[in-house]
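Architecture and fold: a report
These are the residues of each chain, in order.
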Amino acid sequence: MRCRLFCLLLVSPLIGLTQPTPPPEPFQFEHYGQREGWEMDYVNDITSCGGFVWFATQNGLNRFDGVGFRAFRKGGRHSLTDNLVQALLTDAQGRLWIGTGSGIDLYDPKTEQMQTFAEAFGMNPLAGRVAVHALLEDAQRRIWILTNAQGLFCFDPRTRQIQHFFPGNNELINSSLSPDGQVFVTTFTEVYQFNEAARSFRPLAIRQRLGASVLLRDMLFDKQGTVWLGTSGGAFTFNRAEWAMPGRGTRRHYTQGNTPTTLTDGDVTNLLCDHTGRVWVGTRKGGICLYSPKTGQFQQLQHDPFNPRSLAEGMISFMYEGPQGIVWAGVGNAGISKYDPGRFVFGLLQKNSFAPANTLPDNKVLRLEGLNDDLYIGTDVGGFARYSIPRRTLTNYPPTYLPRASALHDQVWGITADKTGKLWFANWRELTAYDPRRQTAQTYPVHNPHQQFAFGTHVLYDQQGTPSEVWVGGHSGLTRFDLRTKRWRNWDDNPALRAISTYNIRFMYQATPSQIWFATLRTALVGYDLRTRQTIHYDSTRGLTCPYIRSLWQAGQTLWVGTPCGLYRVDLRRGRVVRHYTTATGLPNDVIYGILPDNRGNLWLSSNAGLACFSPSRGVVVKTYDVTDGLQSNEFNTNACYRHRDGTLFFGGVNGITYFQPGQFRTNTFVPPVRITAVSVFDSACNPSQPHLSLGPDQNFLTFEFAALNFSNSRKNQYQYQLEGIDHTWVRTTTRRTANYTKLPPGNYVFRVKGSNDDGLWNETEATLRFTIRPPFWATTWFRAGLIGLLLGGAYGLYRYRLGQLRRQQQHTLTVTVRTQELERQRFAKELHDGIGANLAVLKLYLSGLNQPGFSVSDIHSRASAVLDASMSELRSLVHDMHPRGLRNDGLVTTLWQMVQLLNESHQLTIAYTARDLPPKLPESLEINLFRVVQELLQNAIKHAHATHISLSLHTEADTVQVIYHDNGQGFDLTQVRAGSNGLLNIQQRIDLLKGTCQIDSAPGAGTTIRVSVPLFA
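Residues numbered from 1 in each chain as written. Predicted model: local features only at pLDDT ≥ 70, side-chain atom pairs only at ≥ 80, totals over all residues. Heavy atoms only, no water.

**With respect to the packing of aromatic side chains**
What counts, and what does not: Under the pairing criterion, centres of Phe, Tyr and Trp rings, with the six-membered ring standing for Trp, must be within 6.5 Å; the plane angle then separates stacked pairs below 30 degrees from edge-to-face pairs above 60, leaving the rest tilted. By definition, any uninterrupted DSSP run of H or I lasting at least four residues is a helix, any uninterrupted run of E lasting at least two residues is a strand, and each is numbered from the N terminus. Think of it in three bands: with a 1.4 Å probe and only protein chains considered, a residue is buried below 20% of the maximum accessible area for its type, exposed above 50%, and partly exposed in between. A ring is considered to have a charge above it if a Lys NZ or an Arg CZ atom is located within 6 Å of its centre and within 35 degrees of its normal.
Across all of its chains, the model carries 81 aromatic pairs by this definition. Seen in terms of ring centroids, Trp144 and Phe165 are 5.9 Å apart; in terms of plane orientation they differ by 25 degrees. Their pairing is stacked. Taken together, the residues Trp144 in strand 12 (residues 143-147) and Phe165 in strand 14 (residues 161-165) connect sequence positions 21 residues apart. Judged by relative accessible area, Phe165 falls into the buried class, the value being 9%. Geometrically, the ring pair formed by Tyr291 and Phe298 is tilted, given 5.2 Å between the ring centres and 55 degrees between the ring planes. Summarising the burial analysis for this pair, Tyr291 and Phe298 share the class buried. Site record: aromatic cluster; members linked through ring pairs are Phe704, Phe706, Tyr719, Tyr721, Tyr741, Tyr749, Phe751 and Phe771. Across the ring face of Phe52, the terminal group of Arg63 is positioned such that the distance to the ring centre comes to 4.0 Å. Seen from the ring of Phe344, Arg343 lies directly overhead, with NZ or CZ sitting 4.5 Å from the centre.

**So, helix 7 (residues 892-904)**
Applicable threshold: To estimate how far a helix should reach, multiply one less than its number of residues by 1.5 Å. Arc definition: it is the arc formed by the directions from the helix axis to the C-beta atoms.
Compared with an ideal rise of 1.5 Å per residue, which puts 13 residues at 18 Å, helix 7 spans 18 Å between its outermost C-alpha atoms and is within 8% of the ideal. Regarding helix 7, the residues found buried are Leu892, Thr895, Leu896, Met899, Val900 and Leu903. All buried residues of helix 7 fall inside an arc of 135 degrees around its axis, so they share one side.

**Considering the pairing of strand 4 (residues 52-57)**
Formally: A pair of strands is considered paired only if DSSP assigns at least 2 bridges between the two.
Among the six residues in strand 4, six count as buried, and that is most of the element. Because side chains alternate across strand 4, one face comprises the buried residues Phe52, Trp54 and Ala56, and the other comprises Val53, Phe55 and Thr57, equally buried. Bridge count for strand 3 (residues 43-49) against strand 4 is six bridges, and the pairing is antiparallel. Within the sheet, the bridge partner assigned to Ser48 lies in strand 4 and is Val53. In this structure, the hairpin formed by strand 3 and strand 4 is closed by a connection of two residues, where Gly50 is found at a positive phi of approximately 65 degrees. With five bridges connecting them, strand 4 and strand 5 (residues 60-64) associate as antiparallel partners. The partner of Ala56 across the bridge, within strand 5, is Leu61. Count of turn residues in the strand 4/strand 5 antiparallel hairpin: two residues.

**Observations regarding the nonpolar core**
So the rule is basically this: We define a nonpolar core as any set of buried Ala, Val, Leu, Ile, Met, Phe, Trp, Tyr and Cys residues linked to one another through side-chain atoms lying within 4.5 Å. Contact definition: two residues touch when any of their heavy atoms are within 4.5 Å.
The biggest cluster of nonpolar side chains holds 54 residues, and the ones touching the most others in it are Trp54, Phe55, Leu61, Ile98, Trp328, Phe751 and Phe771. Residues within four places of Phe55 in sequence aside, it is in contact with Trp38, Val43, Asp45, Ile46, Gly60, Leu61, Asn62, Phe64, Phe69, Leu88, Trp328 and Ile336.

**A closer look at the environment of Asp917**
Stated formally: In protein, a polar contact requires one atom able to donate a hydrogen and another able to accept it; more generally it is a pair of N or O atoms within 3.5 Å, and residues adjacent in sequence count only if both atoms are side-chain atoms.
By the secondary structure assignment, Asp917 is in the loop between strand 67 (910-916) and helix 8 (924-945). Note: C-alpha distance between Asp917 and His955 (38 residues apart in sequence) is 5.6 Å. Within polar-contact distance, the side chain of Asp917 engages the side chain of Arg916 at 3.5 Å.

**Remarks on the confidence of the model for the protein**
Quick reminder of the rule: Per-residue confidence from the predictor is reported as pLDDT, which spans 0 to 100.
Looking at the protein, the pLDDT average stands at 88 and 89% of residues meet or exceed 70. Every residue in residues 1-21 is under pLDDT 50, and counting partners more than four places away or in other chains gives 48 contacts.

**What about the environment of Ala87?**
With respect to the helices and strands, the residue Ala87 is situated in strand 7 (residues 85-90). Given a relative accessible area of 0%, Ala87 falls into the buried group. Between the C-alpha atom of Ala87 and that of Asp45, which follows or precedes it by 42 residues, the distance is 5.6 Å. Non-local contacts of Ala87, meaning those with residues more than four positions away in its chain, are made with Asp45, Ala56, Trp97, Ile98, Gly99, Val132, His133, Ala134 and Leu135.

**A closer look at the sheet that holds strand 31 (residues 365-371)**
Which entries qualify depends on this criterion: Axis angles are defined between N-to-C directions and span 0 to 180 degrees, where every axis is a line fitted to C-alpha atoms and, for a helix, only to the segment in contact.
Strand order in this open sheet of four strands is 31-32-33-34, and the pairing throughout is antiparallel. Every interior strand has two partners, whereas the edge strands, strand 31 and strand 34 (393-396), have only one. Each strand of the sheet is rotated relative to its neighbour by a mean of 20 degrees, with strand direction disregarded. Both strand 31 and strand 32 (residues 374-379) contribute to a ladder of six bridges, which runs antiparallel. Pairing of Arg367 across the sheet is with Gly378, part of strand 32.

**Some remarks on the pairing of strand 34**
On strand 34, burial covers both faces: Thr393 and Thr395 on one face and Leu394 and Asn396 on the other are all buried. The pairing of strand 33 (residues 384-388) with strand 34 spans four bridges and is antiparallel. Looking at strand 34, one finds that Ser388 is bridged to Thr393. Connecting the antiparallel pair strand 33 and strand 34 is a turn made up of four residues, with Arg392 showing a positive phi of about 55 degrees.

**Examining a nonpolar patch on the surface**
Under the convention used in this document: Without a salt bridge and with relative accessible area above 30%, a residue can belong to a patch; like charges are then joined within 9 Å and nonpolar side chains (Val, Leu, Ile, Met, Phe, Trp, Tyr) within 5 Å. Only the protein chains shown count as cover for residues, and the accessible areas themselves come from Shrake-Rupley with a 1.4 Å probe. We define a salt bridge as a contact between a side-chain nitrogen of Lys or Arg and a carboxyl oxygen of Asp or Glu at a distance within 4 Å.
Judged by side-chain polarity, Phe777, Trp778 and Trp782 come together as a nonpolar surface patch covering roughly 440 Å² of accessible area. Its place among the elements puts Phe777 in the loop between strand 66 (762-773) and helix 4 (781-848).

**Considering the sheet that holds strand 53 (residues 610-615)**
Across the sheet, which stays open at both edges, the four strands sit in the order 51-52-53-54 with antiparallel pairing between neighbours. Each of the sheet's edge strands pairs with one partner strand only, and the pair in question is strand 51 (592-597) and strand 54 (620-625). Averaged over all pairs of adjacent strands, the angle between strand axes in this sheet comes to 25 degrees, irrespective of strand direction. The pairing of strand 51 with strand 52 (residues 603-607) spans five bridges and is classified as antiparallel. Bridging from a neighbouring strand, Ile592 pairs with Ser607 of strand 52.

**Quick notes on the packing of helix 7 against helix 8**
Note the following rule: Oblique is the label for every angle not falling under 35 degrees (roughly parallel), over 145 degrees (roughly antiparallel), or within 65 to 115 degrees (roughly perpendicular). Each crossing is labelled by how the near helix is turned from the far one, with a counterclockwise turn of less than a right angle marking it left-handed and a clockwise turn marking it right-handed. Under the scheme applied, nonpolar residues are Ala, Val, Leu, Ile, Met, Phe, Trp, Tyr, Cys and Pro; charged residues are Asp, Glu, Lys and Arg; polar residues are all the others, including Gly.
For the pair helix 7 and helix 8, the least separation of the axes is 10 Å and the interaxial angle reads 15 degrees. Considering the angle they form, helix 7 stands roughly parallel to helix 8. Like other packed secondary-structure pairs, helix 7 and helix 8 cross with a definite hand, here right-handed. Across from Leu892, Thr895, Leu896, Met899 and Leu903 in helix 7, the residues of helix 8 making contact are Glu927, Leu930, Phe931, Val934, Gln935, Leu938 and Ile942. Per-class residue counts for the contact of helix 7 with helix 8 are nine nonpolar, two polar and one charged.

**Let's talk about the pattern of salt bridges**
In the structure shown here, the tally under the stated rule is 33 salt bridges. Across the salt bridge formed by Arg217 and Asp267, the nearest N and O atoms sit 3.1 Å from each other. Of this pair, Arg217 sits in strand 19 (residues 216-221) while Asp267 sits in the loop between strand 22 (251-254) and strand 23 (268-273), and the two are 50 residues apart along the sequence. Take Asp267: its relative accessible area is 15%, and that puts it in the buried class. Notably, a salt bridge pairs Lys754 with Glu764, separated by 3.2 Å at the nearest N-O pair. Pair noted here: Lys754 is in strand 65 (residues 747-756) and Glu764 is in strand 66, with a separation of ten residues, a long-range link.

**Structural notes on helix 8**
An ideal rise of 1.5 Å per residue puts 32 Å on 22 residues; helix 8 measures up with 30 Å between its terminal C-alpha atoms. Positive phi shows up at His946, right after helix 8, with a value of about 50 degrees.

**Quick notes on unusual backbone geometry**
For Asn372, which is not a glycine, the phi torsion comes out positive at approximately 60 degrees. Examined against the element boundaries, Asn372 turns out to sit in the loop between strand 31 and strand 32. The phi dihedral of Asp959 is positive, around 60 degrees, even though this residue is not glycine. On the accessibility criterion, Asp959 (59% relative accessible area) is exposed.

And the structure:
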């Protein structure tokens, strides 16, 4: 075997010498530009009002809810006086004062109403109609209005009084309020202090004290008793206790330079003191210089075109610290840069193609290996790099560095450090021992032509702690290199490892002196005991159902196994998997690339969906992080992770390295107010701040927009909403901030929404909106009541009409019956008169001839008999003609039933009729007389008794026909009616004719019951 030794001394900048002292941790910014929906221009002012952040620009007013912007301009429902907005102020009452190029507008966040100064106060002074440059509220709640060309106005909203100072002055640039409540006004060349007693301003002769011909830009009182003046020639500071006294006060001047006590640009545009006491100095070209009172030095926060987390531009127009300690900065025409102290605790190591010397050579990281305080990084196509953890400096090694050591270049998978300070690199060609102190490399060619990829290396030691072997695992199995003989060896002396030497080994992991774990592809996990020289397989028979191993971490007798199928917990005492965690149990993703512990007992898991903090004791994911939190990407790589001794965790992925210290994470304790930001009915906007919304029947397609006003990592805010009457439970959502409802039925509704911050802290105070969808006119109560009334009236009218019709029909029937009977009587009388009467007259003549001579008795008897026979025959014919036709055809039972049916149809009388055990045909005289009796009874019930219900039954009993009649009519007194009642008399006569009996039972108010019994055969 040939050994080649390469040595290179670092005598040139090629290797990138590190700096003697570590630089400060860089500030990281988020940006809001056109991509994020920013449509405005240069930022003139920033404030908070109603929980939102407001931006004054040259092209209108913008309201930000953490995710989206809403523009307010001239014209429309929330109309501004002018699109040029130069000043903003939130007063003690929560109103937003808006200074524009044409006057002042006031916005009430509770009602979302915009008013002009004249509309709000009922007056139209000059102060409300001129271009406003700045606004200030003092301790007495007076509003100081700095104008562009009309000087300064002091307006008291309670008394509506206005004072005018510096009339016609067009050089006023700023106003400030000292901690003790004094008002100061700054011009380009002077600072004025307001004397409350004299009601006037006095100059402080500041120009002479500055000792330089500069223009004043801004003025600030910090928390350390220092007054700052930002000028065109740098920043000046004074002792606050004496600075207002002419000729007194300690002065210090910060100018442009490149030291920690100088500014990046001498032209200061804006000053800000944050809640920690640091002073932010905004400049025209040099970004922000952050002054620390503890060190007395500046940290330079500048625009870096190659760093997306730097300031978006070097020109700072305005700075503002809002809730949660977030600093907002207007950056020229680039939009807004935001510094969030609770964000971006993640550090990034990435490739910078425009300045590659001290960056990663390639963003796809395959391997991380630590040696002392250095992190060695293997990449996909860029070779390796070294990162100094305490100094935070990167050094990459180009192909010209030790060019004959191929394992150091291009694709670097296998890197392992041994106890002597060497690094072992391996690829399919060779094994390389690299000495980072001497910058030398020694290579050992590989004699395995089948090894296409070398994924991992591992160093073994003898009993004295001296490196003895290097094992190389790869695509074609496991090989070993003997460091004593400098030769490659086979596994003939180790049958246990010879059995697995052909496995596809992704990496090797050793947590204890006696145990090595082989993570394989397709053959699961193999453990090897260095003392017993035996292997143990963890596969599906032991509960490890996934054969692809991507990461391992051992803690005592627990082994955590990351796979593409989730996370497995292995109990080494029991020799099997005891728990399997997947997305179904809360993991953000099933592919677990890396596992590292922190100092708090948690495990950090890298995956295809970012990082997850996992609690082994509870078996739950505590929190997840993704690319929006500052990760290199959501996708990481297999076993590309490292834990430094200071607790810093490193995870490599497809776009660089993410590193962090878990102890730096702070839970967001801010409880965000929740607002309903918009309500749309179809495509028409409604005011979400009104207490009640009344909608028409066709306005039943609604969209609600809402926001939890947490501005730290706002995209991870969570929401729950519910529409009472529609949603039976709360609907939970994360990324979606809208709720849509279609085809809502008429009714009263309440929409409720709750929100949380990015750490899941919920505001249980709901934002609500009550609304009513009115029913269409045909579904209203009055319409339905009217319709029911109309239907009832129509039914009643129809009923009355039918009743009248039946009554008229009944009356007509009775009339016809009476007339028929009368005609029949007349006919009968005529027949009697013409027929029988004539015969009787003849008979009388015959009888009178008995005493006349010439007539014999026998002759008269003969003739009288003939006349009597003729009369009897004619009488029978008359009687036969009066018999009802129905009786002849249908019989008594059917004829009575037909008559009863006719009367029942009137609906004024109900007759219950039954007939049983009657022969189909009765004697003719019995039928007609019983028919007339029943007919008379029914006629009396209708005409006299006014009955509504009648029961009538006929049956035979012991050769008699029984007729039982009963009505619920008014009844009568038998003693008074019997003698004079023709109807009862006719009934009785007919029954007597039939040789029957009649029993009548009646009393006033008790109805009438009549029982008739006649013999069946007389």
